[in-house]
Amino acid sequence: MKQNHFDAIVVGAGPSGNAAAYTLAQRGLNVLQIERGEYAGSKNVQGAILYADALEKIIPDFRDEAPLERHIVEQRVWMMDDAGHTGMHHRSDDYNEDKPNRYTILRAQFDKWFSRCVKEAGATVIYETTVTSLMRDASGWVVGVHTDRNGEGITADVVILAEGVNGLVGRTSGLREELKPENVALAVKEMHFLPQEVIDARFNLKGNEGVVIEAMGTITEGMVGTAFLYTNRESISVGIGCMVSDFTDVGQATPHGLLDRFKAHPSIRALLEGSEIKEYAAHLIPEGGYRAIPELVGNGWLVVGDAGHFVNAVHREGSNLAMTTGRLAAETVADIILSGGSCSRHNLAAYVEAVKDSFVMKDMKKYKDIHGFLKKGRHVVDLYPRLMNRAAQTWFRVDGVDKKSKESTIVREAWRARGIGGLMGDAFKLMRAWR
Amino acid sequence: MSDRVENRLFQNRYVVDVGRPHITVKPHVNPSNALVAMTRVCPAGCYSRNEQGQVEIVADGCMECGTCRVVCAQTGEIEWSYPRGGFGVLFKFG
Ligand SMILES: Cc1cc2nc3c(=O)[nH]c(=O)nc-3n(C[C@H](O)[C@H](O)[C@H](O)COP(=O)(O)OP(=O)(O)OC[C@H]3O[C@@H](n4cnc5c(N)ncnc54)[C@H](O)[C@@H]3O)c2cc1C
Ligand code: SF4
């Protein structure tokens, strides 16, 4: 082995990079992982819900060690107008199980823990180092990386790009196109601290139970986006995000102004009352869907996680797609290297096949038209939550008006707002996009 | 509850690479609509307009989200790179 030569270099120590580096190290490969932050997680932002299944497939007993906040027992989905919300709540004691399915986490702490596991598995991990470009041989084959620390560069059989949504290395190297403003969402988020008992009381929780609120409607001021509120042990994560092109072209809001108005909304304000804010963060989310997925492999390289545009925006899933693609990439690479093969585009295509066979690509494909639907049908995010709240009020107010008249009022208001053709068209298009 | 963005950023930890800003706006006479939009859309309020109408940036509070990079990619008015390893924003919770 040449000095300073690795079997694989992983760029980035988020969930996708950690999943890849961990899996490679476990298979006995000589792995170098490079992270630009002072520690893993110092640059990373998430809601954050952790989906156990994807991590369990990598570290089966993660629950013993990982910094988990609360397991989710209740999901609220709120359609908001300016005065309130109408929604669905789902809660079940069944989620108080031995191995809960979803947890809230704090990414800075979680990534740090995951990174420690990667080191314990045998990978070499360096922090505070930014990969600046890919090293290529005369034929264009990727043979390593250059960093802002090491002038000569470091070589490897393969480079796994787990560099997150901005993905500067891959973009400046021409592996994938620049992101389009209509394919990314900008989310802002705050950490609100409150004593654990206060959170338990406000949300009707005991032990480590947690609640998730996903909200949409007039809170995004006509832009396509959603807001969230997640309970951690002693804090509440609250945030809101909209498509970047909507921020620039549709809305008039600043991101922090939007978040302030969400926090001041009558349905939210009381939940945060008296909290101490300890952090404000912003991050992009790749939400262009299936059609925005770039080329995934080439000679000497693969791309995983957010850099590969693997986010299921409908279900708010990203970290699990990141971990799964990271693991699948690593398994492909390990199979090739351990059998003495070369990491050619042709051989690495097995990774693409594995992603296609998994829930990752199946889900991405299922929702391939949702992005286009919302882009053309921006009104649905504002109008329908409004109509729903109007309808609920009409229905629940007892004011001497008979129920049949109330029904006609509800139908008439929907009709007037959108027209019968509009209503049926929206329903049809949504059904087709959802299928 | 309605904090100004500066007060919020005050909560965050940064290691500023003094004298080496990782984002710069290229000299210009008239900024594009995209660049002007950043004076509103940057979540850290890093962009502002000077008296002559040109857009300026002070990137100390930048959270490295990349929004301005994406918005101005077509116009080429800004140069954007990550801060050197170890510098920039440092999230405690994320
Ligand atoms: C507000 C918000 C809420 C979200 N909520 C959820 C949720 O509840 N559940 C969920 O599953 N997903 C959620 N997501 C999505 C999820 O956070 C991402 O899908 C996930 O973090 C992607 O992981 P990744 O490893 O691909 O990228 P990242 O987590 O972004 O990691 C990339 C890493 O690479 C490093 N890096 C980048 N470039 C370089 C370089 N050149 N050199 C060295 N290091 C580099 C970065 O510092 C970073 O550590 C949310 C996202 C946001 C923004
Ligand atoms: S990267 Fe984000 S926070 Fe930094 S200047 Fe650009 S828009 Fe503002």
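- Looking up chain B in an unreviewed UniProt entry gives the name Ferredoxin-like protein, with the organism given as Gluconacetobacter johannae.

- Looking at an unreviewed UniProt entry, one finds chain A named Protein FixC, with Gluconacetobacter johannae as its source organism.
- Of chain A, the UniProt comment under Cofactor (unreviewed entry) reads exactly: "FAD".
- Looking at the Sequence similarities (unreviewed entry) heading of the UniProt record, one finds this comment for chain A: "Belongs to the ETF-QO/FixC family."

1. As for the packing of aromatic side chains
Residues and elements named next belong to chain A.
- Under the defined criterion, the tally for this structure stands at eight aromatic pairs over all chains.
- Each ring, one from W113 and one from F114, has its centre 5.8 Å from the other, and the planes form 35 degrees; the classification is tilted.
- A relative accessible area of 4% means that W113 is categorised as buried.
- Here F114 falls in the buried class, since its relative accessible area comes to 0%.
- Three or more aromatic residues joined by ring pairs make a cluster, and in this case those are F110, W113 and F114.
- The ring of Y39 carries the charged tip of K112 above its face, separated from the ring centre by 4.3 Å.
- Sitting over the ring of F193, K278 keeps its end group 4.5 Å from the ring centre.

2. What about helix α10 (residues 345-357) of chain A?
All names here are of chain A.
- In this model, α10 (13 residues) spans 19 Å end to end at C-alpha, consistent with the 18 Å of a helix rising 1.5 Å per residue.
- For α10, the complete set of buried residues consists of L348, Y351, V352 and V355. In a view along the axis of α10, the buried residues occupy a sector of 95 degrees, so they form one face of it. For α10, the exposed residues lying more than 90 degrees away from the buried face are H346 and D357.
- Contact partners of the buried residues in α10: β10 (154-161), β16 (297-298), β17 (301-303), α9 (319-338) and α11 (359-366).

3. Structural notes on the site of ligand 2
Residue and element names in this part refer to chain B.
- Within the structure, ligand 2 sits among 15 residues, and C42, C62, C65, G66 and C68 are positioned closest to it.
- Judged by the proximity of its atoms to the pocket grid, ligand 2 belongs to the largest cavity.
- When the residues that make up the shell around ligand 2 are grouped by side-chain class, the tally is twelve nonpolar, two polar and one charged.

Parameters at a glance
Residues numbered from 1 in each chain as written. Chains lettered and ligands numbered in written order. Predicted model: local features only at pLDDT ≥ 70, side-chain atom pairs only at ≥ 80, totals over all residues. Heavy atoms only, no water. UniProt positions renumbered as here; feature names shortened; annotations may be inferred. Phe/Tyr/Trp six-rings, centres within 6.5 Å; stacked < 30°, edge-to-face > 60°. Buried < 20%, exposed > 50% of the residue type's maximum accessible area, 1.4 Å probe, protein only. Lys NZ or Arg CZ within 6 Å of the ring centre and 35° of its normal. Helix = DSSP H or I, 4+ residues; strand = E, 2+ residues; numbered from the N terminus. Expected span 1.5 Å × (residues − 1). Arc of directions from axis to C-beta. Contact = heavy atoms within 4.5 Å. Near = heavy atom within 4 Å. 1 Å grid on protein atoms, 1.4 Å probe; cavity = no way out; pocket = protein on both sides within 12 Å on 5 of 7 lines; lining within 4 Å. Sits in = over half its atoms within 2 Å of the grid points. Nonpolar A, V, L, I, M, F, W, Y, C, P; charged D, E, K, R; others polar.

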